[in-house]
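Below, each chain spelled out in residue letters.
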Amino acid sequence: MEIENLLVQPESKTLEFKRDLSSLEPIIKTIIAFANTAGGILIIGKSSDGKLIGVNDIFKAEEALANSISDNIYPSMLPEIEIISYKKKSLLIVKVTHWKAPFYFKKQGSSNGVYVRLGSTNRIAGPEVLAELQRSAINISFDQEPLSGTSKDDLDFDLMSTTFKQIKKEINEEKLTSLGVLIRSGNKLVPSVGGMILFGNPTKRDLLLPYAKVRCARFIGNDKTKLLDRYEIEGTILKAVDEVPKFINRNTRLTGEIKEIRRKDIREYPITAYGGRLRLDSF
């Protein structure tokens, strides 16, 4: 994006302005938050109220900023720092890419110094966000993690057997491990979070993952104050795959088209936009 366009944009998740380098700590926090969230651009030399100030002794300022980034952020990062001249004012443009880390402010440590971007503000990452960033760094998602306090006996083997018979496959421990339904934790195999959501015994699943449910609702208007229909699906996500389209169908208008004395029903929303069954052959 051209500098003219950037300077007229409001501060956002990926854009921030700083007046100068008189306080480097907020700048470092912004760079960390950009890197941990979605990347972003930091422009130094414009105040948050929109006034173009410029940066004095621009080359000295560039060196000070680069040194501060090197000294205060871990792991090391190399954002792109540019010097731009606009309307006879010198500006520093810091372009930060989203990297898997997470990055943190050294003096605050890896537990309290991780920042993320929320709207146009920087926030300390809480335990759940921090855990998600750490999983992302090693390419492990939440549903791939072993579920503590469980054993493989907490899975519904009858449901798994029925499901896999549909694609003419047998289940065994090796197969369930390769699919990530079972995960090794210490010296034993336990269900993964995803495995419990898919195939867990209802009592254990509801105890450990009470929010792993699908709820459907239809409202009148756009403000969600008048509820017309609702449906909470009991059971695993496999059941929801079949039940959600049924809910949508009963809340979808049909029109008719008659060609050559035959009527063809036309849905308000095409089924390809929301329907389709789970492809078991993906297992």
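Residues numbered from 1 in each chain as written. Predicted model: local features only at pLDDT ≥ 70, side-chain atom pairs only at ≥ 80, totals over all residues. Heavy atoms only, no water.

Engineer: Would you mind showing me how to read the pattern of salt bridges here?
Structural biologist: One side chain can pair with another of opposite charge once the charged atoms of both are near each other. Applying the stated rule across the entire model yields 11 salt bridges. Residue E16 pairs with K18 through a salt bridge whose shortest N-O separation is 3.0 Å. Residue E16 shares its accessibility class with K18, and that shared class is buried. The closest approach of N and O atoms between K29 and E25, which form a salt bridge, is 3.3 Å. One end of the pair, K29, and the other, E25, are both in helix α2 (residues 24–36), 4 residues apart, so they sit about a helical turn from each other. Relative accessible area serves as the criterion here: at 19%, K29 is assigned to the buried category. Residue E25 is classed as partly exposed on the basis of its relative accessible area of 30%. Here the residues in one salt-bridge network are E16, K18 and R117, joined through shared partners. (Salt bridge = Lys/Arg side-chain N within 4 Å of Asp/Glu carboxyl O. Buried < 20%, exposed > 50% of the residue type's maximum accessible area, 1.4 Å probe, protein only. Helix = DSSP H or I, 4+ residues; strand = E, 2+ residues; numbered from the N terminus.)

Engineer: Please clarify how the nonpolar core should be interpreted in this entry.
Structural biologist: One broad rule of soluble globular proteins: the nonpolar side chains tend to lie buried together. In terms of nonpolar packing, the biggest core is built from 24 residues, with I31, I44, L65 and I73 touching the most fellow members. Every element with two or more residues in this core is listed here: α2, β2 (40–44), α3 (58–72) and β5 (89–96). In this view, L65 contacts L21, L24, I27, I44, I81, L92 and V94; residues no more than four positions away in its chain are not counted. (Core = buried A, V, L, I, M, F, W, Y, C linked by side-chain atoms within 4.5 Å. Contact = heavy atoms within 4.5 Å.)

Engineer: Teacher, can you tell me more about empty space enclosed by the protein here?
Structural biologist: Summary: where empty space remains is shown by rolling a probe the size of a single water molecule over the atoms. A full pass over the atoms with the stated rule returns 1 cavity of 30 Å³ or more. Space inside the largest cavity adds up to approximately 40 Å³. Contributing to the lining of the largest cavity are R205, D206, A212, K213, I233, E234 and G235. Residue composition of the lining of the largest cavity, grouped by class: 2 nonpolar, 1 polar and 4 charged. (1 Å grid on protein atoms, 1.4 Å probe; cavity = no way out; pocket = protein on both sides within 12 Å on 5 of 7 lines; lining within 4 Å. Points joined across faces, edges and corners; volume = space filled by probe spheres on them. Nonpolar A, V, L, I, M, F, W, Y, C, P; charged D, E, K, R; others polar.)

Engineer: Explanation requested: the pairing of strand β11 (residues 214–220) in the structure shown.
Structural biologist: It is a general feature of regular strands that their side chains alternate between the two faces of the sheet. When β11 meets strand β12 (residues 226–233), the two strands line up antiparallel, connected through 7 bridges. Along β12, the bridge assignment pairs V214 with I233. Between β11 and β12, which pair antiparallel and follow one another directly, the connecting turn spans 5 residues, one of which, G221, has a positive phi of 85°. (Pairing = 2+ DSSP bridges.)

Engineer: What is the right way to read α3 from this model?
Structural biologist: Given 3.6 residues to a turn, an α-helix orients residues that are three or four positions apart in the same direction. Taking 1.5 Å of rise per residue, 15 residues should cover 21 Å, and α3 covers 21 Å from first to last C-alpha, within 8% of that figure. Taken together, the buried positions of α3 are occupied by I58, A61, L65, S68 and I69. Buried residues in α3, looked at end-on, bunch into an arc of 100°, giving them a common side. Seen from the open side of α3, the exposed residues pointing more than 90 degrees away from its buried face are F59, K60, E63 and D71. On its buried face, α3 is in contact with α2, β2, β3 (73–74), β4 (80–86) and β5. (Expected span 1.5 Å × (residues − 1). Arc of directions from axis to C-beta.)

Engineer: Which parts of the structure should I look at to understand unusual backbone geometry?
Structural biologist: Across the junction of Y74 and P75, the peptide omega takes the value -10°, indicating a cis bond. Here P75 is to be found in the loop between β3 and β4. Its identity is not glycine, yet K168 carries a phi of approximately 60°, on the positive side. Mapped onto the elements, K168 comes out in the loop between α6 (157–165) and α7 (173–178).

Engineer: What is the right way to look at the packing of aromatic side chains in this model?
Structural biologist: In this structure the tally under the stated criterion is 3 aromatic pairs. With centroids separated by 6.2 Å and ring planes inclined at 35°, the aromatic side chains of F164 and F199 adopt a geometry described as tilted. With F164 in helix α6 and F199 in helix α8 (residues 193–199), this residue pair connects regions lying 35 residues apart in the sequence. Judged by relative accessible area, which is 0%, F199 ranks as buried. The side chain of K46 reaches across the aromatic face of F17, ending 4.0 Å from its centre. Looking at R250, its charged tip hangs above the ring of Y231, at a distance of 5.5 Å from the centre. (Phe/Tyr/Trp six-rings, centres within 6.5 Å; stacked < 30°, edge-to-face > 60°. Lys NZ or Arg CZ within 6 Å of the ring centre and 35° of its normal.)

Engineer: How do you make sense of α6 when you look at a structure like this?
Structural biologist: The set of residues buried in α6 consists of M160, T163 and F164. With its buried residues spanning 90° around the axis, α6 presents them on a single face. Turned more than 90 degrees away from the buried face of α6 sit D158 and K165, all of them exposed. Buried residues belonging to α6 abut α7, α8 and α10 (237–250).

On their own, these measurements won't tell you what the molecule is for.
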